[in-house]
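Remarks on the overall topology
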Amino acid sequence: MRRRKSYPASTINLKVGQGADVRTHPYPQRSPVLGLVFGGTQVLVTTSANDHVTLDDVEFAQSLACEAAMFAGAVERMFHGLPNGLGVAGR
């Protein structure tokens, strides 16, 4: 079962900086929660129901992991590709 292609009605940009964090919170009696912390803003990602997981939930989690890995690779390539070798332009 594939998710429908939908387009965002709005976009929220959360800038990563010092203090940003990401954690998975597994629970024995409910579905896990992925927490993204950006300063005073926290985003929680969980399944559609807290007491069971569907095939759609599994597919979404797999897609999230794949896209996160590609994001990490792109950030690493940009970091290592800067001419000053420090990973921060202009420093």
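Whatever comes next refers back to the structure up there.
This text gives an overview of the structure that appears in the document. (Residues numbered from 1 in each chain as written. Predicted model: local features only at pLDDT ≥ 70, side-chain atom pairs only at ≥ 80, totals over all residues. Heavy atoms only, no water.)

For the chain, the count of helices and strands is one helix and three strands. Helices (α) and strands (β) of the chain occur, in sequence order from the N terminus, as β-β-β-α. A fraction of 18% describes how many contacts in the chain between residues 6 or more apart in sequence connect residues 24 or more apart. Surface exposure of the chain reaches about 7900 Å², of which carbon and sulfur atoms provide 59%. (Helix = DSSP H or I, 4+ residues; strand = E, 2+ residues; numbered from the N terminus. Contact = heavy atoms within 4.5 Å. Areas by Shrake-Rupley, 256 points an atom, 1.4 Å probe, with all protein chains shown as cover.)

The full count for this structure, using the stated rule, is one salt bridge. A salt bridge links Arg23 to Asp21, with the nearest nitrogen and oxygen atoms 2.8 Å apart. According to the relative accessible area criterion, Asp21 is partly exposed, its value standing at 31%. (Salt bridge = Lys/Arg side-chain N within 4 Å of Asp/Glu carboxyl O. Buried < 20%, exposed > 50% of the residue type's maximum accessible area, 1.4 Å probe, protein only.)

Turning to a nonpolar patch on the surface, a few remarks are in order. Taken together, the side chains of Val53, Leu55 and Val58 present a nonpolar region at the surface, about 250 Å² in accessible area. Mapping Leu55 onto the fold places it in helix α1 (residues 55-80). (Patch = residues over 30% accessible without salt bridge, like charges linked within 9 Å, V, L, I, M, F, W, Y side chains within 5 Å.)

What follows deals with the sheet that holds strand β3 (residues 41-45). Spatial strand order, β1-β2-β3: three strands in an open sheet with antiparallel pairing. Looking at strand neighbours, the two that pair on one side only are β1 (21-25) and β3, the edges of this open sheet. Ignoring which end each strand starts from, the neighbouring axes of this sheet average 15 degrees apart. Pairing of β1 with strand β2 (residues 33-38) involves five bridges; the strand directions are antiparallel. Among the inter-strand pairings, Asp21 is bridged to a residue of β2, identified as Val37. (Pairing = 2+ DSSP bridges. Axes fitted to C-alpha atoms, helices over the stretch in contact; angles between N-to-C directions.)

A few words now on the side chain of Asp57. Summarising the element assignment, Asp57 is placed in helix α1. For Asp57, a relative accessible area of 10% corresponds to the buried category. Of note is the side chain of Asp57, whose polar atom sits 2.9 Å from the backbone nitrogen of Thr54. (Polar contact = N/O pair within 3.5 Å; in protein donor to acceptor, adjacent residues only side chain to side chain.)

Both β2 and β3 contribute to a ladder of five bridges, which runs antiparallel. Its bridge partner being in β3, Leu36 is matched across the sheet by Val43. Following β2, the chain reverses through two residues before pairing antiparallel with β3; Gly39 in that reversal takes a positive phi of roughly 60 degrees.

Checked against the element boundaries, Ser31 lands in the loop between β1 and β2. For Ser31, a relative accessible area of 3% translates into the label buried. Setting aside its immediate chain neighbours within four residues, Ser31 contacts Thr46, Thr47, Ala49, Asn50 and Val53.

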